[in-house]
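# Inside the fold
Residues per chain are reported as follows:
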Number of protein chains: 2
Amino acid sequence: MLKKYKYEELTAADLQQLVLRNTDPNQAIQSAVFEIIDNVRHNGDKALKDFAAKYDQVQLDKLYLDQEEIESLAATIQRDQQRALEIAFQNIHKFHSSQTKRERVVETMPGVKCWREPRPIEKVGLYIPGGSAVLPSTLLMLGVPARIAGCKEIVVCSPPQRDGKINGFVAYCLKLLKIERIYLVGGAQAVAAMAFGTESIPKVDKIFGPGNQFVTKAKSLVQSLTNISIDMPAGPSEVLVIADETAKPSFVAADLLAQAEHGADSQAVLVATDSNIVDAVNEELMKQLEVLPRKEIAAKAIANSYAVITKDLKSAIHFSNLYAPEHLIIESDYWHMVTSLILNAGSVFLGHLTPESAGDYASGTNHTLPTSGYARSYSGVSVDSFIKKITFQSISEEGIQQIGSTVEILAELEGLQAHINAVTIRKEK
Amino acid sequence: MLKKYKYEELTAADLQQLVLRNTDPNQAIQSAVFEIIDNVRHNGDKALKDFAAKYDQVQLDKLYLDQEEIESLAATIQRDQQRALEIAFQNIHKFHSSQTKRERVVETMPGVKCWREPRPIEKVGLYIPGGSAVLPSTLLMLGVPARIAGCKEIVVCSPPQRDGKINGFVAYCLKLLKIERIYLVGGAQAVAAMAFGTESIPKVDKIFGPGNQFVTKAKSLVQSLTNISIDMPAGPSEVLVIADETAKPSFVAADLLAQAEHGADSQAVLVATDSNIVDAVNEELMKQLEVLPRKEIAAKAIANSYAVITKDLKSAIHFSNLYAPEHLIIESDYWHMVTSLILNAGSVFLGHLTPESAGDYASGTNHTLPTSGYARSYSGVSVDSFIKKITFQSISEEGIQQIGSTVEILAELEGLQAHINAVTIRKEK
């Protein structure tokens, strides 16, 4: 049962409290993660093998699987499963391909030409969680934009199973992505290995991927300790569903539960334009929850969630903008009237037939999205995340005459004589 | 005099050593900065006024200047200075305006439509250094893309002068940007104020701007303590100049010194295709250095720099890609033959008549750029830095039939039954 709040009755302080997420519950593990990083940094492969023995219960001779081993694991999955992964791959590829654009040259003054060109980040590291949760979809979500961007080296790390291998679904995705090696390293140690490099594992320029709190903490630590960058800070997954009188309570409940089953710390917020809608959804929630295999987890997440009642769709969007949800679902016939009001969200699902599940797996959009309110300033992962845009400029003789005195005056203001000289010497040539 | 190294004779380890920058020399000030942040967080405006008295030697009654005060300060500068700031503003505006693009809707499967829409980051904070160095250009470089992006609230902080005012050049830039208030706060306390908010100063979603080591450390700390994001990590400024036999040694030397005068920790690297070029540049360096007002600073930076000799332009670019310079200048008739080989750089200046000074102030490109090797994975500031791209999707009845079973199979692989239900319930409707 979702607790109910009335939007109109909430004070600014209440609202702040409601939209607050625990952005860093992991200070407690900081020193443990720091020790892991330090160990990998100094002992390289040996540390990684020791961690595999300790945490993954497997003795590894080598820290990776090569192409042949990947091929044979990929061959173990069923044809319809292969086909589903192929369709997801194609849709993700099609959508992300639309994100690369050439930009035009701008002549800001006669003879002063400026432009930007994209360049791939050369070496990227993708962390794919393993263990109990197998996430082939995450490999597609990170691997496809990395391939489209043209990254030269794509380092994939995932924890080994007890048999020293990886899951066949992940192997099949590697095949689709034409990635010929996977490193059998999980947790904070994988992040450390990609940040500093070991005998087996190349150092990368940027690290991507979700993970448990150790992985998340390790990413944030290497970001502050090195000049490696990371995709984004990560917190528990979350959805905000907006429902009006046209919404089907059973669909709404199904979407809230799809979020809730991710983990007890997930949040599934309902914003409804009438109190009756919340009651109807609560009824459906109880019914659908009962038959879920992960019902204990989902029930905890629901207990950790709430419903807000607003007077109309517009107010519902206002609350959503304050919350800045990772996923926003608008279950209304009138969604096209409010999309322009959406300011803060990771990914938005419009209408009655657009479940978050579609975007989680196969519609083509990326599922690596900003959580915990980061949607106020971060975008989800896209091809942009795997490139830099370098600015270029070229000035002609006419150009240096045109712009020269402006630069000289401005450098003078800031008291930088050598900046002036660099222009004057060219003007007077 | 620049030390000389021969590229062909350097080992991989030598190269690693040469391109290494000190990415975080500021661990020592961490606890001092943390205390400042904590003080501002708990004592708000009072802490800010105390810091102004202590560090800026000024008693402030109110923590900002309003439109009228800004207007009257802006009126104090000369007409040619106003004109130079206007031209810079226009060029920066023209170039950055080319960075906003509408993207198309992609139908990844029949009935499955996906697209991205840009949204401004609502509240941004711009830090403009003050004190001895006055940086109106930085205000233009941050304010223009923020305006183009459409940010609703632009909070500008800059340390007050002894008279409790700000410099007229900064005031004039505020006028050009139609920003009606400036907060008189500098240093780590300004970053803390924008991250947590005080009685006078609004909390923002993202903080931009350069600063001394206290500012830089404060940005990195608030990034890890809150869900505020920052433009990029910052280190000392740097240039790498590539020169071949067509280069004019006097121009090359002028560009190296324009970098060197920024600070003793700046780095100015020369990569030349012949040892004689280095000798000629060294000779010019000594000559031009002698007459600089900031010659002591520049001489220290030059002592902290070096020259690398490569066999050709292509090898020079290879070294530059390893170094990943903030600024790259290619002084060669043949620059157009090598631009496609450039992989890692912040901003690139092409040909004999394109000094970095032009881009620092007025050509139109941004001067807030990745230093310390961050150009491997970061872009400079652009309109992109002030927006998020939100993904949207809308699925029709045909679409859910088309994509439904793929999503069900993939959710099944990952063991997420509620994800399956959210699709099945819609397919079977």
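By the naming in an unreviewed UniProt entry, chain A is Histidinol dehydrogenase, taken from Sphingobacterium thermophilum. Annotation of chain A in UniProt includes, under Sequence similarities (unreviewed entry), the sentence "Belongs to the histidinol dehydrogenase family."

Residues and elements named next belong to chain B. Strand β5 (residues 123-127) sits mainly inside the fold: 4 of its 5 residues count as buried. In terms of strand pairing, β5 meets strand β6 (residues 153-157) through 5 bridges, oriented parallel. Counted as the bridge partner of L126 is V156 from β6. Two strands pair when backbone bridges link them, and β5 and strand β8 (residues 206-208) are joined in this way by 3 bridges, in the parallel orientation.

With that out of the way, let us pick up the packing of aromatic side chains. Within this structure, the stated rule accounts for 16 aromatic pairs over all chains. Here B:F51 and B:Y55 contribute two aromatic rings whose centre-to-centre distance is 5.9 Å and whose plane-to-plane angle is 10°, an arrangement assigned as stacked. With B:F51 and B:Y55 both in helix α2 (residues 30-55) and 4 residues apart, the pair spans about one turn of that helix. A relative accessible area of 8% places B:F51 in the buried class. Here the aromatic rings of B:Y374 and B:Y378 are separated by 5.5 Å at their centres, their planes lie at 85°, and the arrangement is edge-to-face. Take B:Y378: its relative accessible area is 19%, and that puts it in the buried class. One aromatic cluster is present, built from ring pairs that chain together A:Y5, A:Y7, A:Y306 and A:F319. Between the NZ or CZ atom of B:R181 and the centre of the ring of B:Y64, over which it lies, the distance is 3.7 Å. Positioned over the ring face of B:F251 is B:K248, at 5.8 Å from the centre of the ring.

This part takes up helix α10 (residues 275-290) of chain A. For α10(A), with 16 residues, the first-to-last C-alpha span of 23 Å sits near the 22 Å given by 1.5 Å per residue. Two or three places before A:N276, at the start of α10(A), stands the capping residue A:D274, its side-chain oxygen 2.8 Å from that residue's backbone nitrogen.

The next thing to look at is the confidence of the model for chain A. Scored by pLDDT, chain A has a mean of 95; 98% of the residues are at 70 or more. Across the interface, the model reports ipTM at 0.95; the global pTM reads 0.96.

What follows is about the relation of the copies chain A and chain B. Overlay of chain A on chain B (RMSD 0.0 Å): rotation 180°, translation along the axis 0.0 Å. The two molecules are tied by a two-fold rotation axis, judged by turn and shift. Among all C-alpha atoms of chain A, that of A:S224 lies closest to the rotation axis, at 4.2 Å. An overlap of 100% is found between the interface residues of chain A and their copies at the interface of chain B, pointing to a shared contact surface.

Take the pairing of strand β10 (residues 238-243) of chain B next. All names here are of chain B. With respect to burial, β10 is a largely interior element, 6 of its 6 residues being buried. Sheet topology places β10 next to strand β11 (residues 267-272); 6 bridges connect them, and they run parallel. Bridging from a neighbouring strand, E238 pairs with Q267 of β11. Regarding topology, helix α9 (residues 249-260) serves as the crossover connection from β10 to the parallel β11, and that connection is right-handed.

All names here are of chain A. Annotation from UniProt places "binding site: NAD(+)" (unreviewed entry) at Y127, Q189 and N212. Maximum C-alpha separation among the annotated residues is 12.3 Å over a sequence range of 86 residues, consistent with a single clustered spot. Checked against the element boundaries, Y127 lands in strand β5 (residues 123-127). Given a relative accessible area of 4%, Y127 falls into the buried group.

Residue position: A:S394 is located in strand β15 (residues 387-395). When its relative accessible area of 16% is taken as the criterion, A:S394 is described as buried. What A:S394 contacts, discounting residues up to four positions off in sequence, is A:G111, A:V112, A:K113, A:W115, B:W335, B:L350 and B:T354.

Moving on to the side chain of A:N282. When you line up the elements, A:N282 lands in helix α10. Those residues within four positions of A:N282 in sequence are excluded, and the remaining contacts are A:M1 and A:L2.

Residues and elements named next belong to chain A. Running from amino to carboxyl end, helix α3 (residues 67-74) crosses helix α6 (residues 168-176) at an angle of 120°, the nearest separation of the two axes being 7 Å. As far as their axial angle goes, α6 and α3 are oblique. Pair α3 / α6 crosses with left-handed handedness. Every residue of α6 that contacts α3 at I70, E71, L73 and A74 is listed here: G168, A171, Y172, L174 and K175. Here the residues of the contact of α3 with α6 are counted per class, giving 6 nonpolar, 1 polar and 2 charged.

Applying the stated rule across the entire model yields 40 salt bridges over all chains. A salt bridge links B:K389 to B:E103, with the shortest nitrogen-to-oxygen separation between them at 3.3 Å. Here the residue B:K389 occupies a position in strand β15 (residues 387-395), and B:E103 occupies one in the loop between α4 (79-97) and β3 (106-109), the gap between them amounting to 286 residues. Judged by its relative accessible area of 17%, B:K389 falls in the buried class. Where salt bridges share partners, they join A:E103, A:R116, A:K389 and B:D384 into one cluster.

What counts, and at which threshold
Residues numbered from 1 in each chain as written. Chains lettered and ligands numbered in written order. Predicted model: local features only at pLDDT ≥ 70, side-chain atom pairs only at ≥ 80, totals over all residues. Heavy atoms only, no water. UniProt positions renumbered as here; feature names shortened; annotations may be inferred. Buried < 20%, exposed > 50% of the residue type's maximum accessible area, 1.4 Å probe, protein only. Helix = DSSP H or I, 4+ residues; strand = E, 2+ residues; numbered from the N terminus. Pairing = 2+ DSSP bridges. Phe/Tyr/Trp six-rings, centres within 6.5 Å; stacked < 30°, edge-to-face > 60°. Lys NZ or Arg CZ within 6 Å of the ring centre and 35° of its normal. Expected span 1.5 Å × (residues − 1). Polar contact = N/O pair within 3.5 Å; in protein donor to acceptor, adjacent residues only side chain to side chain. pLDDT = per-residue confidence, 0-100. Least-squares fit on C-alpha atoms with pLDDT ≥ 70 in both. Contact = heavy atoms within 4.5 Å. Right-handed = clockwise from strand over helix to strand, strands pointing away. Axes fitted to C-alpha atoms, helices over the stretch in contact; angles between N-to-C directions. Parallel < 35°, antiparallel > 145°, perpendicular 65-115°, else oblique. Left-handed = near helix turned anticlockwise from the far one by under 90°. Nonpolar A, V, L, I, M, F, W, Y, C, P; charged D, E, K, R; others polar. Salt bridge = Lys/Arg side-chain N within 4 Å of Asp/Glu carboxyl O.

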